[in-house]
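What the coordinates show
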Amino acid sequence: MGNKKILNKEIQNYINANLNTDLHSLLLKKSPFPEVSMQEIVQQIKGRQTAQKKFPFLLKEGIIFPPQLNLEQSSSEKTALYKSQILKGNTFIDLTSGFGIDAYYLSQNFEEVTLVEQNAELLNVVEHNWGILDRKARFINQNLENFLSSNKEYFDVIYLDPARRDQNKNKVFLLEDLSPDVLQIKEKLLMTADQVIIKLSPLIDLKYLVSVLPGIFRIEIIAVKNDVKEAVVFLSNEKKEEITVNCINLESEESSFLFKFGEEENARAEYAEPEKFIYIPNNSILKAGVFNLVSERFALKKLHPNTHFYTSGQKISDFPGRVLEVEPVESKQIKKKEQFNIISKNYPLKPEDIKKKYGIKDGGEHYLIFTQSKKGKIILKSV
């Protein structure tokens, strides 16, 4: 498991003292400790820095951090904690445990926990850390396909987070391009557990997903502070009448948006010119593509078929997204050096081009919205 001497008190003190030091300049120095290299020290500093933002529960004495790539590929504590609230049972297995963040949270409501990971050094780090955190599990150093072919056990829940990069380190998101290829192993997975949960790229197309992966009964689209982080699919052998899709924006006051897959096809949007309030759905809903359903569900009118903004004369308070009170403005009313947050949707110019054209400064409390209604291009100002 790497170099355990990194845990020596003096070395740990040195790491803590250099958490805000420029790491490039640090790498040029010689390690003050003969038993560990400067690269090993910097790896731990990067790990602490990442943990502060992504998984603060690991900021404990004795925790060891793996290389940067493993940290980048890990889920955040926030998304893992959310997923953990959905699951419970007796036996849980993570077939691609990586640095074990998802497994740590998702397995909290289970009696027996198994982690499978093909990278022996990474698995040793996780086993060490779980000991520090006083969490028990069975740790298996094996590649997922080999484990599945020899395994005789049955689990309540299988979880996997396939690698989403190809051999050239390019991002991929189609199921057949992932490692492992989910389409190749889906039947084996469903023979091994009651429920199979797969974390996928937020870029995945939901219609494609449902068409190629039978057995889906639930999809979670998870955003944090309006940044869509992951799409999570739940599969089962049980025949389910419908697929529910839940759009959630964590770290916001917004309610989740739950719908049945296919509802959008039957939904109809009404259209209108901008009224007193403009509604901008959060990105988890935009990702789901339920543009007409939003109009129908909240009794809001849409501005344009390709402008996913909505409007009403009376304010709706529980809308899952941003609500702005607006008034229309002419371009000649925009004064140079005024300060606005620029929103541009279904409009020929990007925000940067708009700032340049009108000499606007970025920021402040008010918004300028450049968009289109059915009548043509419009500019709206928040009041």
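Up top is the structure.
Let us look at the structure shown here. (Residues numbered from 1 in each chain as written. Predicted model: local features only at pLDDT ≥ 70, side-chain atom pairs only at ≥ 80, totals over all residues. Heavy atoms only, no water.)

When its secondary structure is counted, the protein chain shows 14 helices and 17 strands. Principal-axis analysis of the C-alpha atoms gives the protein chain an extent of 70 × 60 × 35 Å. Expressed as a percentage of its 383 residues, the buried residues of the protein chain come to 49%. In the protein chain, the share of contacts with a sequence separation of at least 24, taken over all contacts with a separation of at least 6, comes to 64%. Total accessible area on the protein chain stands at roughly 19,600 Å², and carbon and sulfur atoms take up 46% of it. With 53 positive and 51 negative side-chain charges, the protein chain shows a spacing of 6 Å between the two charge centroids. (Helix = DSSP H or I, 4+ residues; strand = E, 2+ residues; numbered from the N terminus. Buried < 20%, exposed > 50% of the residue type's maximum accessible area, 1.4 Å probe, protein only. Contact = heavy atoms within 4.5 Å. Areas by Shrake-Rupley, 256 points an atom, 1.4 Å probe, with all protein chains shown as cover. Lys, Arg positive; Asp, Glu negative; His and termini not counted. Charge placed at Lys NZ, Arg CZ, Asp CG, Glu CD.)

What follows deals with the sheet that holds strand β17 (residues 376–382). Pairing is mixed across the open sheet formed by eight strands, whose spatial order is β10-β12-β13-β11-β14-β17-β16-β15. The open sheet has two edge strands with one neighbour each: β10 (270–271) and β15 (339–344). Sheet topology places strand β14 (residues 321–328) next to β17; three bridges connect them, and they run antiparallel. Residue pairing across strands places Pro328 opposite Leu380, the latter belonging to β17. On the sheet, helix α14 (residues 351–358) packs against β15, β16 (361–373) and β17 and is oriented at approximately 135° with respect to β15. (Pairing = 2+ DSSP bridges. Axes fitted to C-alpha atoms, helices over the stretch in contact; angles between N-to-C directions.)

Moving on: the pattern of salt bridges. Taken as a whole, this structure holds 12 salt bridges when the rule is applied. The salt bridge partner of Lys199 is Glu230, with a shortest N-O separation of 3.7 Å. Here Lys199, found in strand β5 (residues 193–200), pairs with Glu230, found in strand β7 (residues 227–236); they are 31 residues apart in sequence, far enough to count as distant. In this pair, the class of Lys199 matches that of Glu230, namely buried. Salt-bridge contacts for Lys229 lead to Asp227; the nearest nitrogen and oxygen are separated by 3.1 Å. (Salt bridge = Lys/Arg side-chain N within 4 Å of Asp/Glu carboxyl O.)

Here the focus is the packing of aromatic side chains. Under the defined criterion, the tally for this structure stands at 16 aromatic pairs. Seen from their ring centres, Trp130 and Phe139 are 6.0 Å apart, and the 80° between their planes marks the pair as edge-to-face. Comparing Trp130 with Phe139 shows no difference in burial state: the two are buried. Here Phe217 and Phe234 contribute two aromatic rings whose centre-to-centre distance is 6.2 Å and whose plane-to-plane angle is 65°, an arrangement assigned as edge-to-face. Within this pair, whereas Phe217 is found in strand β6 (residues 216–224), its partner Phe234 is found in strand β7, the two being separated by 17 residues in sequence. With relative accessibility at 15%, the residue Phe217 sits in the buried group. Taken together, the ring pairs connect Phe57, Tyr104, Tyr105, Trp130 and Phe139 into an aromatic cluster. The ring of Tyr104 has Arg135 sitting right over it, with the charged end atom 4.8 Å from the ring centre. Residue placement shows Arg218 over the ring face of Phe234; its charged tip is 5.4 Å from the ring centre. (Phe/Tyr/Trp six-rings, centres within 6.5 Å; stacked < 30°, edge-to-face > 60°. Lys NZ or Arg CZ within 6 Å of the ring centre and 35° of its normal.)

What follows covers the sheet that holds strand β2 (residues 112–116). Judged by pairing direction, the sheet is mixed, and its nine strands sit side by side in the order β3-β2-β1-β4-β5-β7-β6-β8-β9 without closing on themselves. Across the chains shown, the open sheet's two edge strands, defined by having one partner strand only, are β3 (138–140) and β9 (257–260). If you compare each strand with its neighbour and ignore which way they point, the axes differ by 15° on average. Where strand β1 (residues 91–94) meets strand β4 (residues 155–160), three bridges bridge the pair, whose relative direction is parallel. The residue bridging Asp94 from the neighbouring strand is Tyr159, located in β4. Along the sheet, helix α5 (residues 77–84) makes contact with β4, β5, β6, β7 and β8 (244–250), crossing β6 at roughly 150°. Packed on one face of the sheet, helix α9 (residues 182–192) meets β4, β5 and β7 and runs near 150° to β5.

Our focus in this paragraph is the pairing of β2. By the criterion of burial, β2 is predominantly enclosed, with four of the five residues buried. Here β1 runs beside β2; their pairing, made up of four bridges, is parallel. Bridge pairing in β2 links Thr91 to Glu112. A crossover links β1 with its parallel partner β2, the connecting element being helix α6 (residues 101–106), and its sense is right-handed. (Right-handed = clockwise from strand over helix to strand, strands pointing away.)

Those residues of α14 lying buried are Ile354, Lys355 and Tyr358. Burial along α14 is one-sided: seen end-on, the buried residues are contained in an arc of 100°. Every exposed residue of α14 that faces more than 90 degrees away from the buried side is listed here: Glu352, Lys356 and Lys357. Packing partners of the buried residues in α14 comprise β15, β16 and β17. Gly359, located one to two residues past α14, shows a positive phi value of around 65°. (Arc of directions from axis to C-beta.)

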